[in-house]
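Structural description and commentary
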Amino acid sequence: MEHTYLPKHFGKLIGKSVNTLQKWDRKGILPAFRSPTNRRYYTHEQYLQYRGLISSEQGKVIAYARVSSPSHKKDLALQKEALRAYCLEHGVKVDEWVEDSGSALNYKRQGFNQIIEQIELGQVKRLVIGYHDRLVRFGYDWFEAFCQRHGTEILVMNAESFSPEEELVRDLLAIVTEFSARLHGLRSHRNAIRAAALGKEVKDDQGAQNSLASHP
């Protein structure tokens, strides 16, 4: 009989919370089995598949498109159309289309996280994108290695037209603004520490003087 795990134990094995497992079960990302009393459980084979120790011949092909804001719907449509043409030319059958509107610096994008979850579960055979920064602005090599570890191939059209210069400028300005705010905060913190230390020195000096005056 195959070994099974309760959600709490299975979650510890794969480093996920019970709430995450429940969400994945509802979405069909990692469906749980049900006992005759309707209690969730997971099998050892599911654990091996999650860890990539059992290679699955099946897997979906996802095409991912992203623009920086909802106002760029026209650009999003053009990007998806170009991806369709690319996939048709290279004989790639797309099973699922995922799109996002948001900065490449934002790792909380709904579509992006949906794809990462499915890749982590070994459910994605191939990910098609127009350009590297359609996925992430920085750290692409890390995400590419992550995909490789989970059996996912990334196909990149390398269409630089999908990487508008103004979007790069906005991302760089956002980084500069963020670090400027942090530096300002650090300076304010240091100044507060210096002021507190100076105030303590003055207080100590006054205390010493008062002590000498009271003991002639």
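Keep in mind the model is a prediction, meaning the values are calculated, not measured.

1. Description of the sheet that holds strand β6 (residues 124–129)
Across the sheet, which stays open at both edges, the 4 strands sit in the order β5-β4-β6-β7 with parallel pairing between neighbours. Two strands close off the open sheet at either side, each with one partner strand: β5 (96–101) and β7 (153–156). The mean inter-strand angle of the sheet, taken between neighbouring strand axes irrespective of direction, is 25°. Two elements, strand β4 (residues 60–67) and β5, share 6 bridges in a ladder whose sense is parallel. By the bridge assignment, R66 is partnered in β5 with D100. Relative to the sheet, helix α4 (residues 73–89) contacts β4, β5, β6 and β7, its axis offset from that of β4 by approximately 150°.

2. Quick look at the environment of K60
Turning to its location among the elements, K60 is positioned in strand β4. The partly exposed category is assigned to K60, whose relative accessible area is 26%. Placed 62 residues apart in sequence, K60 and G122 show a C-alpha to C-alpha distance of 9.5 Å. When near neighbours in sequence (up to four residues on either side) are disregarded, K60 contacts D95, E96, Q118, Q123, V124, K125 and R126.

3. Here's the deal with α4
The terminal C-alpha atoms of α4, which comprises 17 residues, lie 24 Å apart, in line with the 24 Å expected from a rise of 1.5 Å per residue. Residues of α4 that are buried include every one of L76, Q79, K80, L83, Y86 and C87, and no others. Viewed along the axis of α4, the buried residues span an arc of 120°, placing them on a single side of the element. Opposite the buried face of α4, by more than 90 degrees, sit the exposed residues K74, L78, L88 and E89. Buried positions along α4 lie against β4, β5, β6, α6 (132–135) and β7. Of the residues trailing α4, G91 is marked for its positive phi of about 65°.

4. Some words on helix α1 (residues 7–14)
Residues of α1 that are buried: P7, F10, G11 and I14. One side of α1 carries all its buried residues, which in axial view fall inside an arc of 100°. Facing away from the buried side of α1, by more than 90 degrees, are the exposed residues K8 and K12. For α1, the elements touching its buried residues are β1 (4–5), α2 (18–27), β3 (40–43) and α3 (44–50). Among the residues trailing α1, G15 stands out with phi positive, at a value near 75°.

Cut-offs applied
Residues numbered from 1 in each chain as written. Predicted model: local features only at pLDDT ≥ 70, side-chain atom pairs only at ≥ 80, totals over all residues. Heavy atoms only, no water. Pairing = 2+ DSSP bridges. Helix = DSSP H or I, 4+ residues; strand = E, 2+ residues; numbered from the N terminus. Axes fitted to C-alpha atoms, helices over the stretch in contact; angles between N-to-C directions. Contact = heavy atoms within 4.5 Å. Buried < 20%, exposed > 50% of the residue type's maximum accessible area, 1.4 Å probe, protein only. Expected span 1.5 Å × (residues − 1). Arc of directions from axis to C-beta.

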